[in-house]
Amino acid sequence: MASLVASKEKMFITQTKLLNEVTWKTVMQIAKKHAKSAAQHLSRLSGAIGPERIYADWQWWILAALPFPHLVRVLDCFFHEGIKVFYRVALAILILFHKHSTNQNSEWYAEATKNGVDHAVDKFCRNMPASPTKLLRTAFSIRALSSQYISRVFIKTEMTLKSKQVITGSRLVRSRSSDNLPTSQSQVNIQMMSHTLTIREGSHSPGPRALSMGVYPIQAIKSQILDQSESPRSSHLALWFPFPNAVFSDQRQHSSDLRQKLFTLWSWLPVRITMYQPVLLYTTEEHGCSLTTFYVRVEHHEPTLLMIKTCNNEVFGAYCSTRWFERNQKDERGNRQAYFGTGETFLFSLYPERAKYPWVGCSIGADGKGEEKVSHASELFMAADSKMITIGGGEGQAIWMDENIRFGKTDRCSTFNNPPLCPSGDFEIRVLEVYGFSGA
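Residues numbered from 1 in each chain as written. Predicted model: local features only at pLDDT ≥ 70, side-chain atom pairs only at ≥ 80, totals over all residues. Heavy atoms only, no water.

In the nomenclature of an unreviewed UniProt entry, the protein chain is known as TLDc domain-containing protein of Euphydryas editha.

Below is the structure:
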């Protein structure tokens, strides 16, 4: 419990139906690659049920079915090393089940044939023939199954499912793990209610509204970047960021084009992040132009949203999925990691062009077949030291800023396959703003 409370990492199992489906599909994908024989065996035994229904209960193999001594050992490792332990143990269960049910005369093959492979796997876990030590040894002997690889498969799967839901409105596979979790439709209802109430209240509301069902707390944020006006009198724009869209309360003379930019930027954020209140962590207008100050104010926040306004009034930036403190992390040899971050990082441009540039790995299917197509040069998300900040790499840097946060450059890069974010390629920074998300 002390390990759970003290941990700054995200260690818990996800708690929405969408992300629950992402977890079991992630197990299915990594099993096809790292426990191939076991996955094929499970598919053959599943018959008309299909392997999807079996994988959907993968968490219950561990948390509900394993004998208590096994569960204690697994959770001990989980507290120490995080969610990757559950994925490894799930694959270990499949490998051991395959080993004990291959023979058609075996007890477990007969159980799968008679009562279905889903019941057979559950019963196998409850009567686990391997000791806790052997179970964990099997789990941790799976080669090349890194946390980074699991994270990549997870993110690809999540983005694929989100895209399918938006396009087709497809329903999620039900499992015991998702019976009481919020549905996609309930989230949509909350979004619609929140948006409707915001419009109904308008700009003449007496003050911050009281909390009610479907309405999330909001607060004003001042931004010089998102205000395209050149008038000193209107240099600060009060923006309102509720869930899930950015809706602002301000004088009517502010253009509808600005409102659309805010809606667009908010819609690009991961859905789970739109639940949190954005907070201005750093701005060159108030905190000065120094990387040292930038790191002091920003480095422990995850994720962050960087927005740059150039002296030519171009507006662009990046959503950075990982703490900037990771620049200090060292590899197994004691050397600092040159690049860090995950595929959830993306670039964006708001003015004069409006565009989002996600990681190129997102365009590769989540079936695992295209894994080798993502080169190392396409996984250079974030880099930083005392002299510079870089976002995106490989054949160029998408965003580079100097230590004084005054000058920068932008090129096409392999990570995001983006064009230069401003026509000249080189830019002078008028304002840099960095937002965090309270509670994220």
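Draft legend 1. Main features of the overall build of the protein chain. When you go through the protein chain residue by residue, the secondary structure sums to 15 helices and 12 strands. Expressed as a percentage of the 440 residues in the protein chain, the buried residues total 49%. Across the protein chain, every contact between residues at least 6 apart in sequence was considered, and the portion connecting residues at least 24 apart equals 65%. A total of about 21700 Å² of accessible surface is found on the protein chain, and carbon and sulfur atoms cover 52% of it. (Helix = DSSP H or I, 4+ residues; strand = E, 2+ residues; numbered from the N terminus. Buried < 20%, exposed > 50% of the residue type's maximum accessible area, 1.4 Å probe, protein only. Contact = heavy atoms within 4.5 Å. Areas by Shrake-Rupley, 256 points an atom, 1.4 Å probe, with all protein chains shown as cover.)

Draft legend 2. Representation of the side chain of Ser349 within the structure. Locating Ser349 in the fold gives a position in strand β6 (residues 346-351). A polar contact of 2.9 Å, which involves the side chain of Ser349, links it to the backbone oxygen of Glu353. Residues contacting Ser349, with those up to four places away along its chain left out, are Trp268, Val315, Phe316, Arg354 and Ala355. (Polar contact = N/O pair within 3.5 Å; in protein donor to acceptor, adjacent residues only side chain to side chain.)

Draft legend 3. Geometry of the side chain of Thr410. Looking at the element boundaries, Thr410 is found in the loop between β11 (407-409) and β12 (426-438). Its relative accessible area of 0% is what places Thr410 among the buried residues. A polar contact of 2.6 Å, which involves the side chain of Thr410, links it to the backbone oxygen of Ala398. Residues within four places of Thr410 in sequence aside, it is in contact with Gln397, Ala398, Pro420, Leu421, Cys422, Gly425 and Phe427.

Draft legend 4. Representation of the environment of His100 within the structure. Here His100 lies in helix α7 (residues 84-101). Taking the relative accessible area as the measure of exposure, His100 reaches 27% and is therefore partly exposed. Linking His100 and Phe124, residues 24 residues apart in sequence, is a C-alpha distance of 9.3 Å.

Draft legend 5. How the structure looks around the packing of α7 against helix α10 (residues 132-140). With their axes 8 Å apart at the nearest point, α7 and α10 run at an angle of 110° to one another. Judged by the inter-axis angle, α7 sits roughly perpendicular to α10. For the pair α7 and α10, the contacting residues are Val85, Arg88, Val89, Ala92, Ile93, Ile95, Leu96 and Lys99 in the first and Lys134, Leu135, Leu136, Thr138, Ala139 and Phe140 in the second. Of the residues contributing to the contact of α7 with α10, the split by class is 10 nonpolar, one polar and three charged. (Axes fitted to C-alpha atoms, helices over the stretch in contact; angles between N-to-C directions. Parallel < 35°, antiparallel > 145°, perpendicular 65-115°, else oblique. Nonpolar A, V, L, I, M, F, W, Y, C, P; charged D, E, K, R; others polar.)

Draft legend 6. Quick peek at the packing of aromatic side chains. The full count for this structure, using the stated rule, is 16 aromatic pairs. Relative to Tyr87, the ring of Trp58 has its centre 5.1 Å away and its plane inclined at 15°; by these criteria the two rings are stacked. Remark: Tyr87 occurs in helix α7 and Trp58 occurs in helix α5 (residues 58-65); sequence separation between them is 29 residues. We note that Trp58, like Tyr87, is buried. Between Phe294 and Trp324 the ring centres are 6.0 Å apart and the planes differ by 70°, which places this aromatic pair in the edge-to-face class. Remark: Trp324 occurs in the loop between β5 (315-320) and β6 and Phe294 occurs in helix α15 (residues 291-298); sequence separation between them is 30 residues. For Phe294, a relative accessible area of 0% puts it in the buried group. Given a relative accessible area of 0%, Trp324 falls into the buried group. (Phe/Tyr/Trp six-rings, centres within 6.5 Å; stacked < 30°, edge-to-face > 60°.)

Draft legend 7. The environment of Ala31, seen in detail. Among the secondary structure elements, Ala31 is positioned in helix α2 (residues 17-34). A relative accessible area of 0% means that Ala31 is categorised as buried. Sequence spacing of Ala31 and Tyr87 is 56 residues, and the spatial spacing of their C-alpha atoms is 9.3 Å. Excluding anything up to four places from it in sequence, Ala31 contacts Lys36, Ala39, Tyr55, Leu91 and Leu94.

Draft legend 8. Structural detail: helix α9 (residues 117-126). Along α9, the positions that sit buried rather than exposed are Val117, Ala120, Val121, Asp122, Phe124 and Cys125. Packing partners of the buried residues in α9 comprise α3 (36-46), α4 (51-55), α5, α7 and α8 (107-115).

Draft legend 9. Fine view of α15. Taken residue by residue, α15 has Leu291, Phe294, Tyr295 and Val298 as its buried positions. One side of α15 carries all its buried residues, which in axial view fall inside an arc of 95°. With respect to the buried face of α15, the exposed residues turned more than 90 degrees away are Thr292 and Val296. Of the surrounding secondary structure, the elements contacted by the buried residues of α15 are β3 (277-283), β4 (304-310), β8 (382-384), β9 (388-391), β10 (399-402) and β12. (Arc of directions from axis to C-beta.)

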